[in-house]
Amino acid sequence: MATMSDPTPHRPFAGLLHAQRVWDTELPSFDPATAPAAPVPLFHTWFAEAVAAGQVEPHAMSLATADADGLPDVRTLLLHDADERGFHFASHATSAKGHQLAARPYAALGFYWPAQGRQVRVRGAVTRCTPAESHADLHARSTGALAAALTGTQSEVVDSVGALHRAADAAWERAQAEPDAEAPTWTRYVVEPAEAEFFQGDARRRHLRLRYRRTETGTWTRELLWP
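Note that the structure is a prediction, hence the values are computed from the model and not measured. (Residues numbered from 1 in each chain as written. Predicted model: local features only at pLDDT ≥ 70, side-chain atom pairs only at ≥ 80, totals over all residues. Heavy atoms only, no water.)

Peer 1: When you look at the nonpolar core in this model, what are you seeing that I'm missing?
Peer 2: One broad trend across soluble globular proteins is that nonpolar side chains are buried collectively. Phe 43, Phe 87 and Phe 111 are the most contacted members of the largest nonpolar core, which totals 30 residues. Mapped by element, the contributors of at least two residues to this core are helix 2 (39-52), strand 1 (60-66), strand 4 (86-92), strand 5 (106-113), strand 6 (118-128), strand 7 (186-200) and strand 8 (208-214). Per element, the largest residue contribution to this core is five residues, and it comes from helix 2. When near neighbours in sequence (up to four residues on either side) are disregarded, Phe 87 contacts Val 40, Phe 43, Leu 79, Asp 81, Ala 82, Leu 109, Phe 111, Val 122, Tyr 189, Val 190, Val 191 and Pro 193. By size, the runner-up hydrophobic cluster in this structure holds 11 residues, among which are Leu 138, Leu 146, Ala 181 and Ala 183. (Core = buried A, V, L, I, M, F, W, Y, C linked by side-chain atoms within 4.5 Å. Buried < 20%, exposed > 50% of the residue type's maximum accessible area, 1.4 Å probe, protein only. Helix = DSSP H or I, 4+ residues; strand = E, 2+ residues; numbered from the N terminus. Contact = heavy atoms within 4.5 Å.)

Rendered as structure tokens:
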């Protein structure tokens, strides 16, 4: 049992947790002075470098929204694009995140690429893409992605694992038979960044944090933050 003089609990989980190390590899250098004037080109560069470094699922990101009570909610999903409009993802408009974004159209994104000790954080307003863009987004993906979308009940309560499997199998069969099938609630969204932060870790904890902030005129200012 831990005592006041022994703050470390003698528990298996605590021992396992405290034995973990981060960035057990050589980390890349980053000179903020060479960063481009806008955040998306730097994101493209860092993403390509994460892929080259063997980062698993570099397109996976955390999406944070706020619920009806203003409380935070977060989940992991995939980035669909990053362009001059912002950072794209998709979901059902009838899902929990869809309802939250309809009520409060703002979100934060988080990318973590431990292979290079890097993080990217984005915050901004969220807009819905056109139905044509949402349709194109859905049908540019795999049969499995279409099958998942065709169930159309994301975030709702399911009675049993068996019911889940039956619905998934039926949706898969339909996706194979009808590759152009519509999923009316499938919606593509864009986070239009007001802020974007790039974090480069350092083994000696001299982490670099470069933040971009959009001005009222639409241009970007850059500033370094203390780690």
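Peer 1: It is not clear to me how the packing of aromatic side chains should be interpreted in this structure. Could you clarify?
Peer 2: Applying the stated criterion across every chain, the model contains 13 aromatic pairs. Ring centres 5.3 Å apart and planes at 90 degrees place the aromatic pair Trp 46 and Phe 198 in the edge-to-face group. Of this pair, Trp 46 sits in helix 2 while Phe 198 sits in strand 7, placing them 152 residues apart in sequence. Just as Trp 46 is buried, Phe 198 falls in that class too. Both rings, one in Tyr 212 and one in Trp 220, keep their centres 6.3 Å apart while their planes meet at 85 degrees; by these two values the pair is edge-to-face. The exposure classification of Tyr 212 matches that of Trp 220, with both residues buried. Among the aromatic residues, those joined into a cluster by ring pairs are Phe 30, Trp 46, Phe 198, Tyr 212 and Trp 220. A cation sits over an aromatic face here: Arg 118 above Trp 46, 4.1 Å from the ring centre. (Phe/Tyr/Trp six-rings, centres within 6.5 Å; stacked < 30°, edge-to-face > 60°. Lys NZ or Arg CZ within 6 Å of the ring centre and 35° of its normal.)

Peer 1: Quick question: what am I supposed to make of helix 2 here?
Peer 2: Side chains of residues three or four places apart in an α-helix project in the same direction, reflecting 3.6 residues per turn. In this model, helix 2 (14 residues) spans 20 Å end to end at C-alpha, consistent with the 20 Å of a helix rising 1.5 Å per residue. Among the residues making up helix 2, those that are buried are Pro 39, Val 40, Leu 42, Phe 43, Trp 46 and Ala 50. Here the buried residues of helix 2 occupy an arc of 150 degrees about the axis, which is enough to place them on one side. Directly after helix 2, the chain includes Gly 54, whose backbone phi takes a positive value near 85 degrees. (Expected span 1.5 Å × (residues − 1). Arc of directions from axis to C-beta.)

Peer 1: I would appreciate a short explanation of the pairing of strand 4 in the present structure.
Peer 2: Remark: a regular strand shows side chains that alternate across the two faces of the sheet. In terms of residue burial, strand 4 counts as a mostly covered element, since seven of its seven residues are buried. The sheet contact formed by strand 3 (residues 81-83) and strand 4 spans three bridges and is antiparallel. Note on strand 4: the bridge partner recorded for Ala 82 is Phe 87. Where strand 3 folds back on strand 4, the antiparallel hairpin that results is connected by two residues. (Pairing = 2+ DSSP bridges.)

Peer 1: Please explain unusual backbone geometry as it appears in this structure.
Peer 2: Glycine aside, residues mostly have negative phi angles, and peptide bonds mostly take the trans form. The residue Glu 57 is not glycine, and still its phi comes out positive at about 45 degrees. Secondary-structure assignment places Glu 57 in the loop between helix 2 and strand 1. Residue Arg 205 is not a glycine yet carries a positive backbone phi of 65 degrees. Looking at the secondary structure, you find Arg 205 in the loop between strand 7 and strand 8.

Peer 1: I tried to follow the pattern of salt bridges on my own but got confused; where do I start?
Peer 2: Any two side chains of opposite charge can pair, given that their charged atoms come close. All chains considered together, the criterion is met by 12 salt bridges. With its nearest N and O atoms 2.6 Å apart, the salt bridge here joins Arg 118 to Glu 49. Linking Arg 118 in strand 6 with Glu 49 in helix 2, this pair joins segments that are 69 residues apart in sequence. For Arg 118, a relative accessible area of 2% gives the class buried. Note on Glu 49: relative accessible area 31%, which makes it partly exposed. (Salt bridge = Lys/Arg side-chain N within 4 Å of Asp/Glu carboxyl O.)

These results come straight from atomic positions and should not be treated as a statement about function.
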